[in-house]
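Coordinates in review
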Amino acid sequence: MIKKPFKDIELSLLGMGNMRLPIMEGGKDKDIDYEKASEIIDICMKSGINYYDTAHVYHGGGASEKFLGDVMTKYPRDSYYLATKFNIGAEKDYKKCFEAQLERMKTDHIDFYLIHCILDNNMQEYIDSGAVDYFIEQQKAGRITYLGFSSHASVQTLEKFASLRQWDFAQIQLNYFDWMYGNTKKEYEILASRNIPVIAMESVRGGRLASLTPDAEKLLKDAHPDWSIASWAFRWLMRLPALTVSLSGMTTKEQAVDNIKTFENLAPLTDEEEKLLFKACDIFHEQVQVPCTACRYCTDGCPVQINIPEILKVYNQYKLQGDWALQGLKNVKSEGMPKDCVQCGACTGHCPQNIDVPAIMAELGEKTK
């Protein structure tokens, strides 16, 4: 397992994310399958992974934290590092939250603690609430070893929060797709310029970059038949000098084994391989996106009054980001929803882009019924 220096310790370049643990068949998100999840942890520990990331909102009600607290007791406390977070949107009482986290995780200190999910509309609340000052005090008291933050904010807000103090580390959504089509490159450069070590979350974009479109995958498989598609994402991250840990939310033993194989040796993509990956990414992006121009020619004839262009925006996000993006349907102002589509085809007859709207509505209807 590749290790990288961090302060006075070494961290495995691959970290175990505990947001997508296997759950019991037929169970809810909080019903973690302890047997299957413990097997994944055991594989990770045996391989040399020593960074384990969670949060009190993962799997709901602290279930992920409790799982880690239970399963990690069989290993020496100095053989791994725990990372967890405070999210002010989920719990205002930061003191109560922190004490509960220590209890759930069965430890007297958190190795890596994060101010969680900085957004444009909550950054000032974190500061004004006293939460930042409180966690600085906990670090001085030895109950937090390293203090950092995670961000889903704009570049401007990230820059402001990063400049607030000398943070020990920061966590951002970092993968080649968002590097090309989002603001990730700017975010990374802001942190690197401040000598803030970077933890990558969504390294494979919630699994979306583990399986591309056939044309995109062929490009990569022709170059390296023995590499998994997911491994390309991790090997690209290895090119970034400020990167300290690449997190992967491993749900199966097979995912863990494949990821560990990738991180056995430091083998970042070459310049030519990066160009190939970016080309595959372009193909993937083009092929999964529905080319709707929001001309609204399709809406007048819809018998159930579906706001088709807005629904298609959500569909594009879903194809790129996974099931969680379907939550965006709740924010669409529309009399009819995908499940109401009667498959009449009136919309397709008016679409200049020849989009098969009924098929998309059927797919979304099936996903949201």
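So, here is what we can say about the structure in this document. Starting afresh in each chain, residues are numbered from 1 along the sequence in its written order. For a predicted model such as this one, the threshold for reporting local features is a pLDDT of at least 70, and the threshold for listing and counting side-chain atom pairs is 80 or more; totals across whole chains, interfaces and linings nevertheless cover every residue. Note that the side-chain values use all heavy atoms of the structure and ignore hydrogens as well as water.

1. Digging into the overall build of the protein chain
Condition: Think of it this way: any DSSP run of H or I at least four residues long counts as a helix, any run of E at least two long counts as a strand, and we number them from the N terminus. Two things to know: the radius of gyration comes from C-alpha atoms, and the globule rule equals 2.2 Å times the number of residues to the power 0.38. Throughout this description, buried means an accessible area under 20% of the type-specific maximum (1.4 Å probe, protein chains only), exposed means over 50%, and partly exposed covers the range between.
Secondary structure summary: the protein chain contains 14 helices and ten strands in total. Relative to the 2.2 N^0.38 estimate, which gives 21 Å for 369 residues, the radius of gyration of the protein chain is 22 Å and therefore close to what a compact globule would have. Seen along its three principal axes, the alpha-carbon backbone of the protein chain occupies a region of about 65 × 50 × 45 Å. Residues counted as buried form 53% of the 369 residues belonging to the protein chain.

2. Here's the deal with the pattern of salt bridges
It is possible for side chains bearing opposite charge to pair when their charged atoms get close. Selection criterion: By salt bridge we mean one thing: a side-chain nitrogen of Lys or Arg within 4 Å of a carboxyl oxygen of Asp or Glu.
Using the criterion set out here, one finds 23 salt bridges in the structure. Lys 74 is the salt-bridge partner of Asp 42, the closest N and O atoms lying 3.0 Å from each other. In this pair, Asp 42 sits in helix H1 (residues 34–47) while Lys 74 sits in the loop between helix H2 (63–71) and strand S5 (81–86), placing the two residues 32 residues apart along the sequence. You can call Asp 42 partly exposed: its relative accessible area is 25%. Its salt-bridge partner being Glu 99, residue Arg 143 comes within 2.8 Å of it at the nearest N-O pair. Of this pair, Arg 143 sits in the loop between helix H5 (131–140) and strand S7 (144–151) while Glu 99 sits in helix H3 (residues 94–104), placing them 44 residues apart in sequence. Classification of Arg 143 by relative accessible area gives partly exposed; the value is 23%.

3. Focus: the sheet that holds strand S10 (residues 243–248)
Definition in use: Two strands pair under a simple rule: DSSP has to find at least two bridges between them. Here, axes are lines fitted to C-alpha atoms. For helices the fit covers the stretch in contact, and angles between N-to-C directions go from 0 to 180 degrees.
The eight strands lie next to each other as S3-S4-S5-S6-S7-S8-S9-S10, forming a closed barrel whose pairing is parallel. Going across the sheet, the axis of each strand differs from the next one's by a mean of 30°, ignoring polarity. Sheet topology note: the strand S4 (residues 51–53)/S5 ladder contains three bridges and is parallel. Looking at S5, one finds that Asp 53 is bridged to Ala 83.

4. Notes on the packing of helix H13 (residues 308–321) against helix H14 (residues 357–368)
What counts is decided by this rule: Take the far helix as your reference; a near helix turned counterclockwise from it by less than a right angle gives a left-handed crossing, and one turned clockwise gives a right-handed crossing. Whether two residues are in contact is decided by their heavy atoms: any pair within 4.5 Å suffices. Note on residue classes: Ala, Val, Leu, Ile, Met, Phe, Trp, Tyr, Cys and Pro are nonpolar, Asp, Glu, Lys and Arg are charged, and everything else, Gly too, is polar.
Packing of H13 against H14 brings their axes to within 11 Å, and their N-to-C directions diverge by 65°. The handedness of the crossing between H13 and H14 is left-handed. In contact with Ile 308, Ile 311, Leu 312, Tyr 315, Tyr 318 and Lys 319 of H13, H14 contributes Val 357, Ile 360, Met 361, Glu 363, Leu 364 and Lys 367. Class assignment for the residues of the contact of H13 with H14 results in nine nonpolar, no polar and three charged.

5. Description of unusual backbone geometry
One non-glycine residue, Lys 7, lies in positive phi territory at about 55°. Assignment of secondary structure puts Lys 7 in the loop between strand S1 (3–6) and strand S2 (9–12). Positive phi, close to 60°, is recorded for Gln 343, a residue that is not glycine. Inspection of the secondary structure assignment puts Gln 343 in the loop between H13 and H14.

6. Thoughts on the pairing of S2
Taken together, the four bridges between S1 and S2 define a ladder with antiparallel strand orientation. Counted as the bridge partner of Pro 5 is Glu 10 from S2. Between S1 and S2, which pair antiparallel one after the other, the connecting turn spans two residues, and Lys 7 there sits at a positive phi close to 55°.

7. A word on the layout of surface pockets
Let me state the cut-off plainly: Of the two site types, the cavity is a set of points on a 1 Å grid over the protein atoms alone where a 1.4 Å probe fits but cannot get out, and the pocket is an open set with protein on both sides within 12 Å along at least five of seven lines, each lined by residues with an atom within 4 Å of a point. Grid points are joined across faces, edges and corners, and a volume is the space filled by probe spheres set on the points.
A volume near 1500 Å³ is recorded for the largest pocket. Taken together, 47 residues form the lining of the largest pocket, with Met 19, Arg 20, Glu 202, Arg 205 and Gly 206 sitting closest to its centre. Counted by class, the lining of the largest pocket contains 16 nonpolar, 21 polar and ten charged residues.

8. Side note on H13
A turn of α-helix holds 3.6 residues, and therefore any two residues three or four places apart point the same way. Our working rule: A helix is expected to span 1.5 Å for every residue after the first.
The end-to-end C-alpha distance of H13 is 20 Å, a good match for the 20 Å that 14 residues give at a rise of 1.5 Å each. For H13, the tally of buried residues reaches ten of 14 residues, placing the bulk of the element in the interior. For H13, the full list of buried residues reads Ile 308, Pro 309, Ile 311, Leu 312, Val 314, Tyr 315, Asn 316, Tyr 318, Leu 320 and Gln 321. Buried residues in H13 make contact with helix H7 (176–181), helix H12 (271–288) and H14. Just downstream of H13, Gly 322 is the residue with a positive phi angle, here 100°.

What is shown is where atoms sit, not what they do.
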